[in-house]
Amino acid sequence: MMESQRKVENQKTDSLDLAAEPTAVFLQRVFEYTFDSEFDKRIMGRLGYCAGKCVYLLDALDDLYDDLKSGGYNPIIVKYSLKNGDDTSKAEDETVCLINTCITELAATYELLSCKRYKSIMSNIIYLGMPRVLKTIREHGKKQTWRF
């Protein structure tokens, strides 16, 4: 999956979905591995996929200003043809919508699980953690001082 991620990024794709795909598939496979029941395995796979996509997009959004300055690859920069000093609000807003969609699907998928082992941890990550990370990244973008 790391090699797939490297290839996609070396191609400098302008598709946020395509750029996030290797990370999403990697987490899908990891999450599927944790269950024996076909039903739960399928649900966990989708949960992992959504989490992987969300994590990749959060990272791309968090790295946006640094990548603009350094000229590093970032699918948000390529998709919106951004250059250092450009107004990034439209790109950020649309990426946030996509991330929120991923978080929403992640939550809906989580609710399908029949097994609720580690429920408090998973609920905290999905319902509180990811939205909080997104909010912090947005604030970071405005202040450009916060780092993971």
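Scroll up for the structure.
So, a few notes on the structure that sits alongside this text. What you see is a predicted model, and the numbers here were worked out from it, not measured in a lab.

Our focus in this paragraph is the environment of Tyr49. Mapping Tyr49 onto the fold places it in helix α3 (residues 38–62). Note on Tyr49: relative accessible area 14%, which makes it buried. The spatial distance from the C-alpha of Tyr49 to the C-alpha of Leu98 is 14 Å, given a sequence separation of 49 residues. Contacts of Tyr49, omitting those with residues within four sequence positions, involve Glu21, Ala24, Val25, Leu27 and Gln28.

With 37 residues, the main nonpolar core has Leu47, Cys54, Leu61, Ile76, Leu82, Ile99 and Leu106 as its most contacted residues. Secondary-structure elements contributing two or more residues to this core are α2 (16–32), α3, α4 (64–70), α5 (75–79), α6 (89–112) and α7 (119–143). Ranked by the residues each element gives to this core, the list is headed by α3, at 11 residues. Those residues in contact with Leu61 that sit more than four places away from it in its chain are Ile76, Glu92, Thr95, Val96, Ile99, Leu134, Ile137 and Arg138.

On the surface, Met1, Phe26 and Val30 cluster together into a nonpolar patch covering about 240 Å² of accessible area. Looking at the element boundaries, Met1 is found in the segment before α1 (2–10).

Conventions we followed
Residues numbered from 1 in each chain as written. Predicted model: local features only at pLDDT ≥ 70, side-chain atom pairs only at ≥ 80, totals over all residues. Heavy atoms only, no water. Helix = DSSP H or I, 4+ residues; strand = E, 2+ residues; numbered from the N terminus. Buried < 20%, exposed > 50% of the residue type's maximum accessible area, 1.4 Å probe, protein only. Contact = heavy atoms within 4.5 Å. Core = buried A, V, L, I, M, F, W, Y, C linked by side-chain atoms within 4.5 Å. Patch = residues over 30% accessible without salt bridge, like charges linked within 9 Å, V, L, I, M, F, W, Y side chains within 5 Å. Areas by Shrake-Rupley, 256 points an atom, 1.4 Å probe, with all protein chains shown as cover. Salt bridge = Lys/Arg side-chain N within 4 Å of Asp/Glu carboxyl O.

On their own, these measurements won't tell you what the molecule is for.
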